[in-house]
Amino acid sequence: MAAATPKRKVAKKRVAKRPASKKKSASPKSAAKKTAAAKKRSTQQSKLDQQIKVVSKEIDRVEREGKKVLADAQKRYDKTVKQLHGERARLEKQVGSLAAKSELAYDDVRKGIEAAYKDLSKAVKQAYKHFG
């Protein structure tokens, strides 16, 4: 094997610095185009901002109306449930008093209780359909 030959150091050539080239200044036409484009962009941005404000107001209005509708529905729901509870309590009271009635009165009272039960059941189904 041949002995490795050492690498020679090669001197770098010095490059003469060139004077910095002067940048061309923008022509008046291109400056006018940039200004017009900036104005157009600004106008478009303003229009978009206005549109967002309008949509935001509409969203706020929908939210207020929705809360109002929900509050009204809650009031109607509470009233209906309260009435149903009252009718159920009255029905339970009638059933409790049924045992104390005589045989002749028992059939009349039982028929009245069954009619009240049907009415209550119908009211519950209507409430369920309305609020369900």
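Since the structure is predicted, the reported quantities are computational estimates derived from the model, not experimental observations. Starting afresh in each chain, residues are numbered from 1 along the sequence in its written order. Only residues with pLDDT of at least 70 are given local features in this predicted model, and only at 80 or more are side-chain atom pairs given and counted; all residues enter the totals for whole chains, interfaces and linings. Side-chain measures were taken over the full set of non-hydrogen atoms in the model, leaving aside hydrogen atoms and water.

Colleague: Would you mind showing me how to read the pattern of salt bridges here?
Modeller: Any two side chains of opposite charge can pair, so long as their charged atoms come close to each other. Salt bridges are identified by distance alone: a Lys or Arg side-chain nitrogen within 4 Å of an Asp or Glu carboxyl oxygen. In the structure shown here, the tally under the stated rule is three salt bridges. Its salt-bridge partner being Glu58, residue Arg61 comes within 3.0 Å of it at the nearest N-O pair. In this pair, Arg61 and Glu58 both sit in helix α1 (residues 28-98), three residues apart, roughly one turn of the helix. Exposure classes here rest on a 1.4 Å probe applied to the protein chains alone. A residue is buried below 20% of its type maximum, exposed above 50%, and partly exposed in between. Overall, Glu58 belongs to the partly exposed group, its relative accessible area being 39%. The salt bridge partner of Lys67 is Glu63, with a shortest N-O separation of 3.8 Å. With Lys67 and Glu63 both in helix α1 and four residues apart, this pair spans about one turn of that helix. Taking relative accessible area as the criterion, Lys67 reaches 55% and is therefore assigned exposed. Of the residues examined, Glu63 reaches a relative accessible area of 44% and is grouped as partly exposed. In this description a helix means any DSSP run of H or I spanning at least four residues, a strand means any run of E spanning at least two, and both kinds are numbered starting from the N terminus.

Colleague: Can you walk me through the nonpolar core in this structure?
Modeller: It is characteristic of soluble globular proteins that their nonpolar side chains tend to be buried jointly. In this structure, Leu84, Leu91, Leu98, Ile113, Leu120 and Ala127 together form the largest nonpolar core, which totals six residues. When contributions to this core are tallied by element, the ones reaching two or more residues are α1 and α2 (103-131). Two residues form a contact once any of their heavy atoms are found within 4.5 Å. Sequence-distant contacts of Leu120, that is, excluding residues within four places in its chain, are made with Leu84, Glu87, Arg88 and Leu91. The criterion is simple. A nonpolar core is a set of buried Ala, Val, Leu, Ile, Met, Phe, Trp, Tyr and Cys residues joined through side-chain atoms within 4.5 Å.

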